[in-house]
Amino acid sequence: MKPRAAPPPGRPTLHPRAAVQLVRHPDAESFLRDAQPDLERDEALSNMVLGGALRLVGRPEAPERPRWFATVREGGELRVAAVWTPPFPLLLAGGGVGADAALERVAADVREIAGRPARAFGPDALADGFVERWRHATGEPARAEIRQRLFALTEVQPVPEAPGDLRRAEAADAETVARWMAAFDEEALGEADVERARAAARRRIAAGEVWLWEAGGEPRAMAASDRPTRNGVAVNAVYTPPWWRGHGYATTAVARLSAGLLAEGRRFCVLFTDLANPTSNAIYTRIGYRPLADFTLYRLGG
């Protein structure tokens, strides 16, 4: 099937079917004008989509591959909001309840995108529903790769502190941060792109997002802030090299970073954990993170 042509700049494209209406947006600004008020009703749960789209606003650089933004409403009510920024997974957000017809529209529209996404990620109700309709629409397989849990924190609980201190990463730390980001991706996803990690390290250090727990004159662990929204922010890229694990460096770094973000005026922090790693789930619970919802990352087409 020939991919549908992109809409003119700045103008959303409507794809109605009965009472269910899909709007394909040309950019993050158009997407947010439509979806942001609805997504902010459950801001923490929507952080991946909402915060990801907010980060794209005003970015002058042109993406290597076209991005895809869509909202689906039924009777005027937002059912699904979806964002795809290649090479990352298709991200889903929304209420989930009564979203069957909306997910069918999303699956049909995604099928027409040039270079379709290889993965989809969202809360279980949305991700499972999308994949079911994806399989029906394409006849292709899809399998769950990673099951994660979203946690939120509003107050940091005291935890024993490891030796050392938290400091913001500097330009001189870029190669260390890049190596650790690549190692994090390898452990979490089973794959890593070293050049992409280097670019992300430089960009995120310049933005002041990356923090290192330093002890004995050298970095021992890493944590970063990401995807700020009106009231919240995500904590991610939490990594300790294998030879420094078991000393509490990452736990202390996350606790200190989370407390600092709240002190700056954020009402909450969110983070994702791998459900296959009970150790990290227990650590974050001790810090004060409480579970919100389970998410699944699916691989599409194999």
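Attention in this report is confined to the structure presented alongside it.

How each quantity is defined
- Numbers given to residues run from 1 along each chain, matching the order in which its sequence is written.
- Reporting of local features is limited, given that this is a predicted model, to residues whose pLDDT is at least 70; pairs of side-chain atoms are given and counted only at 80 or more, and all residues count toward the totals for whole chains, interfaces and linings.
- Side-chain descriptors were evaluated using all non-hydrogen atoms of the structure, hydrogens and water having been removed beforehand.
- The helix and strand labels rest on DSSP assignments: H or I over at least four residues marks a helix, E over at least two residues marks a strand, and numbering proceeds from the N terminus.
- As defined in this context, the radius of gyration uses C-alpha atoms, and a globule is described by 2.2 Å times the residue total to the power 0.38.
- Exposed residues in this analysis have more than 50% of their type's maximum accessible area, buried residues have under 20%, and partly exposed residues fall in between, with area computed by a 1.4 Å probe over protein chains only.
- Throughout, a contact is declared for two residues whenever any of their heavy atoms are within 4.5 Å.
- All accessibility values rest on the Shrake-Rupley procedure with a 1.4 Å probe; residue burial counts only the protein chains present in the view.
- When charges are counted, Lys and Arg contribute as positive and Asp and Glu as negative, whereas His and the chain ends are disregarded.
- A single reference atom marks each charge: NZ on Lys, CZ on Arg, CG on Asp, CD on Glu.
- Throughout, nonpolar core names a set of buried Ala, Val, Leu, Ile, Met, Phe, Trp, Tyr and Cys residues whose side chains join them through atoms within 4.5 Å.
- Note on geometry: axes are C-alpha line fits, over the in-contact stretch for helices, and angles between N-to-C directions span 0 to 180 degrees.
- Working definition: roughly parallel below 35 degrees, roughly antiparallel above 145 degrees, roughly perpendicular at 65 to 115 degrees, and oblique for all remaining angles.
- Helix crossings are classified by the rotation of the near helix relative to the far one: an anticlockwise turn of less than a right angle makes the crossing left-handed, while a clockwise turn makes it right-handed.
- Polarity classes work like this: nonpolar for Ala, Val, Leu, Ile, Met, Phe, Trp, Tyr, Cys and Pro, charged for Asp, Glu, Lys and Arg, and polar for all others, with Gly in that last group.

1. Concerning the overall build of the protein chain
What the protein chain contains, in helices and strands, is eight helices and 13 strands. A globule of 302 residues ought to have a C-alpha radius of gyration of about 19 Å, and the protein chain, at 20 Å, matches this closely. Based on the C-alpha atoms only, the size of the protein chain along its principal axes is roughly 65 × 35 × 35 Å. Expressed as a percentage of the 302 residues in the protein chain, the buried residues total 50%. Across the protein chain, every contact between residues at least 6 apart in sequence was considered, and the portion connecting residues at least 24 apart equals 68%. Accessible surface for the protein chain amounts to roughly 14,300 Å². Of this, 52% is attributable to carbon and sulfur atoms. Separation between the mean location of the 40 positive side-chain charges and that of the 39 negative ones in the protein chain comes to 3 Å.

2. Quick notes on the nonpolar core
Judged by nonpolar contacts, the single largest core of 28 residues is most densely connected at Val-235, Val-254, Cys-269, Tyr-284, Ile-287 and Tyr-289. Among the elements that line this core, the one with the most residues is helix H7 (residues 249–263), at eight residues. For Ile-287, the contacting residues outside a window of four places in its chain are Leu-153, Glu-155, Val-156, Gln-157, Val-159, Thr-251, Val-254 and Ala-255.

3. Section: the packing of helix H3 (residues 100–110) against helix H4 (residues 124–138)
Axis separation between H3 and H4 bottoms out at 9 Å; the angle between their running directions is 55°. One finds that H3 runs oblique with respect to H4. Crossing angle aside, the handedness with which H3 passes H4 is right-handed. Every residue of H4 that contacts H3 at Asp-100, Leu-103, Glu-104, Val-106, Ala-107 and Val-110 is listed here: Ala-125, Leu-126, Gly-129, Phe-130, Arg-133 and Trp-134. In terms of residue class, the contact of H3 with H4 is built from eight nonpolar, one polar and three charged.

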